[in-house]
Amino acid sequence: MEQAFMHEGTSVDKGENARLSSFIGAIAIADLVKTTLGPKGMDKILQKVNPEDQSISVTNDGATILKSVLLDNAAAKVLVDIAKVQDDEVGDGTTSVTVLCGELLREAEKLVNMRIHPQTIAEGWRLAKTLSIDALTASSVDNSGDDEAFRADLFRIAKTTLSSKLVNWQKDHFAHLAVEAVMRLKGSNNLDHIQILKKAGGQLRDSYLDTGFLLDKKIGVGQPRRVENAKILLANTSMDTDKIKVYGAKVKVESMTKVAEIEEAEKDKMRAKCAKIIAHKCNVFINRQLIYNLPESIFTAEKIMAIEHADFDGIERLAAVTGGEVTSTFDHPELVTLGECDLVEEVMIGEDKVIRLSGCKMGEACTIVLRGASSHVLDEAERSLHDALCILTSTVRDPRRVYGGGCTEVLMAQAVDEAVPGTAGKKALAMSSFAKALRQLPSIVADNGGDDSAELITR
């Protein structure tokens, strides 16, 4: 009967088949990223299947791996969504949550085969979850009242986060960079104020923290290379006069003189627009779109530094760090807020020139310059550093910390096991399976490091 209301080729799985399909799909995804867990986790080489773009990336970041996998299993897609939410909310731990979900489902499959109802399993797991959270909270330590101790905690947390990343061998250096950058935020936790700039060349240990804001763009020809006490006008507006902006429009004229008159009218229009921009009394003009030759020459004559093609992310981040507003019209200068900084200058990084904004109005702005031998190394270093920054901002928001390395998982499992004898019915079996799933995480970390987890348990 159902087939009458479905498209041709649609299949329906029910009962045992549907349950088995969900278990197999979700567990397979967890097993896919399991080998990347822990400080000795392995990297994955990912290659795009697009015939026009078969670029590769090397990573052990769970969210990046799962986003790259094409899936047609509903339960597997749920696990990928869980990893994405973890990445968005916390920034790290994507592999851990995926592996834990996989282990929980592995235990659930055994319980279902024992004819235990899924609602009973869920009820037992809810009890176990409450006990685990209580044990976790009781074991947490809060050093936010002591600045020196809290900074040391942040440093250790950053090192722990970076231990499983590509930058593991330089984790002390990168942990120091991440802590310094986050402490500059002074509790605002706005990561838009921290710019990560990748420049190929050198080694990872050559990466450094610049207290200014770096923009990887070029200054217009003949314009000032250094501006002090900068008043910055941020704009998202068209600055070209090359063509009529009506698709498919045609203009018929009787002579070339008329064509010259049209071109001159367009130039007059652009001159009027530039005059309105100059009326804002800015000495730096940064536009999201291109700046063509005529307006560039006008700004040069007025000794205004003009920077073009600051993409959307760049212009929004500049507005955040300079205290300015992005504007598209220039008729009312009194309504526009200009950005401010002490100095705008052109500096060299390796063989490339970039623009540095020093002494921004929002003093917490800074840039972490990443150096590395190849684009693959730089991309993975950026992902690693982003995870560390996200974790540190989360720690500043909630300064409680717990021990890692599988310690807390075993602690929670012990708390659940202690409550199992006092729990009546089949819920006790579900709670015991929850504890077993928690214990699998340190075992997987040990196995990935080349240790025998079974032997470690027997010691």
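Up top you'll find the structure we're talking about.
Chemist: Any chance you could break down the overall build of the protein for me, citing the residues and the numbers?
Modeler: Secondary structure summary: the protein contains 14 helices and 14 strands in total. Its C-alpha atoms give the protein principal-axis dimensions of about 95 × 70 × 40 Å. Counting across all 459 residues of the protein, residues that qualify as buried make up 41%. If you sum the accessible surface of the protein, you get close to 24800 Å²; carbon and sulfur atoms cover 53% of it. For the protein, the separation between the mean place of its 56 positive charges and that of its 68 negative charges on side chains is 1 Å.

Chemist: Got a sec to walk through the pattern of salt bridges? Specific residues and values, please.
Modeler: Using the criterion set out here, one finds 29 salt bridges in the structure. Here the salt bridges do not stand alone but share partners, grouping Asp 210, Arg 226, Glu 228, Glu 345 and Arg 356 into one network.

Chemist: Break down the packing of helix α8 (residues 256-278) against helix α9 (residues 293-301) for me, with residues and values.
Modeler: At a minimum axis separation of 10 Å, α8 and α9 run at an interaxial angle of 40 degrees. Considered as vectors, α8 and α9 are oriented oblique to each other. Considering how the two elements wind past one another, α8 and α9 form a crossing that is right-handed. Taking contact as the criterion, the partners of Lys 267, Met 270, Arg 271, Cys 274, Ile 277 and Ile 278 in α8 are, on α9, Leu 294, Pro 295, Ile 298 and Phe 299.

Chemist: Got a sec to walk through the state of the cysteines? Specific residues and values, please.
Modeler: What the rule picks out here adds up to 0 disulfides. In this structure Cys 341 is a free cysteine whose sulfur lies 5.2 Å from that of Cys 360, the closest cysteine sulfur available. With no disulfide of its own, Cys 366 lies 10 Å from the sulfur of Cys 360, the closest cysteine sulfur. Overall, Cys 366 belongs to the buried group, its relative accessible area being 0%.

Chemist: Give a detailed account of the pairing of strand β13 (residues 366-372), specifying residues and quantitative values.
Modeler: In summary, the side chains of a regular strand alternate between the two faces of the sheet. The element β13 is largely enclosed, with a buried count of 7 among its 7 residues. Neither face of β13 is open: one carries Cys 366, Ile 368, Leu 370 and Gly 372, the other Thr 367, Val 369 and Arg 371, and all of them are buried. Pairing of strand β4 (residues 194-200) with β13 involves 7 bridges; the strand directions are parallel. Bridge pairing links Lys 199 to Arg 371 in β13.

Chemist: Explain helix α4 (residues 94-113) to me, using residue names and the numbers behind them.
Modeler: Residues spaced three or four apart along an α-helix face the same direction, because each turn holds 3.6 residues. With 20 residues, α4 should reach 28 Å at 1.5 Å per residue; the first-to-last C-alpha distance of 29 Å fits that figure. For α4, the full list of buried residues reads Thr 94, Thr 95, Thr 98, Val 99, Gly 102, Glu 103, Leu 104, Glu 107, Ala 108, Leu 111 and Val 112. Arg 115 lies just past α4 and shows a positive phi near 65 degrees.

Chemist: If you had to explain the sheet that holds β13 to someone new, which residues and values would you point to?
Modeler: Sheet strands associate in pairs through backbone hydrogen bonding, adopting either a parallel or an antiparallel arrangement. Pairing is mixed in the open sheet, where 3 strands are placed in the order β4-β13-β5. Of all strands in the sheet, those bounded by a partner on one side alone are β4 and β5 (208-210). The average undirected angle you get between the axes of adjacent strands in this sheet is 25 degrees. In terms of strand pairing, β5 meets β13 through 3 bridges, oriented antiparallel. Within β13, the position partnered with Asp 210 by the bridge is Thr 367. Along the sheet face, helix α7 (residues 171-184) touches β4, β5 and β13 and points at about 165 degrees away from the line of β13. Most of the contacts of helix α11 (residues 375-397) go to β4, to which it runs at about 160 degrees, and overall it touches β4 and β13.

Chemist: I'd like a rundown of the environment of Gly 406, residues and numbers included.
Modeler: With respect to the element layout, Gly 406 can be found in the loop between β14 (400-401) and α12 (407-419). Of the residues examined, Gly 406 reaches a relative accessible area of 13% and is grouped as buried. Gly 406 sits 34 residues away from Gln 440 along the chain, and the two C-alpha atoms are 9.2 Å apart.

Chemist: Residues and numbers for the side chain of Glu 296, please.
Modeler: Turning to its location among the elements, Glu 296 is positioned in helix α9. Buried and unpaired, Glu 296 has Arg 225 as its nearest opposite-charge partner, separated by 8.1 Å. When sequence neighbours within four positions are dropped, the list of residues in contact with Glu 296 reads Gly 220, Val 221, Gln 223 and Ile 291.

Chemist: So what's going on with unusual backbone geometry? Which residues, and what values?
Modeler: At Arg 115, a position not held by glycine, the phi torsion is positive, near 65 degrees. Looking at where Arg 115 falls in the secondary structure, it is placed in the loop between α4 and α5 (118-139). According to the relative accessible area criterion, Arg 115 is exposed, its value standing at 68%. Although it is not a glycine, Lys 303 adopts a positive phi angle of roughly 55 degrees. Mapped onto the fold, Lys 303 is located in the loop between α9 and β9 (305-307). On the basis of relative accessibility, which here comes to 63%, the residue Lys 303 falls in the exposed class.

Chemist: Can you break down the nonpolar core residue by residue, with the values?
Modeler: Across soluble globular proteins, you tend to see nonpolar side chains buried next to one another. In this structure, Phe 174, Ile 194, Ile 368, Leu 370, Leu 385, Leu 389 and Leu 392 are the most contacted members of the largest nonpolar core, which totals 27 residues. Elements with a contribution of two residues or more to this core: α6 (147-162), α7, β4, β13 and α11. Non-local contacts of Ile 368, meaning those with residues more than four positions away in its chain, are made with Leu 177, Ala 181, Ile 194, Gln 195, Ile 196, Leu 197, Tyr 208, Leu 209 and Leu 385. Ile 219, Ile 232, Ile 315 and Leu 357 belong to the second-largest nonpolar core, a separate cluster that totals 22 residues.

Calculation rules
- Residues numbered from 1 in each chain as written.
- Predicted model: local features only at pLDDT ≥ 70, side-chain atom pairs only at ≥ 80, totals over all residues.
- Heavy atoms only, no water.
- Helix = DSSP H or I, 4+ residues; strand = E, 2+ residues; numbered from the N terminus.
- Buried < 20%, exposed > 50% of the residue type's maximum accessible area, 1.4 Å probe, protein only.
- Areas by Shrake-Rupley, 256 points an atom, 1.4 Å probe, with all protein chains shown as cover.
- Lys, Arg positive; Asp, Glu negative; His and termini not counted.
- Charge placed at Lys NZ, Arg CZ, Asp CG, Glu CD.
- Salt bridge = Lys/Arg side-chain N within 4 Å of Asp/Glu carboxyl O.
- Axes fitted to C-alpha atoms, helices over the stretch in contact; angles between N-to-C directions.
- Parallel < 35°, antiparallel > 145°, perpendicular 65-115°, else oblique.
- Left-handed = near helix turned anticlockwise from the far one by under 90°.
- Contact = heavy atoms within 4.5 Å.
- Disulfide = S-S within 2.5 Å.
- Pairing = 2+ DSSP bridges.
- Expected span 1.5 Å × (residues − 1).
- Core = buried A, V, L, I, M, F, W, Y, C linked by side-chain atoms within 4.5 Å.

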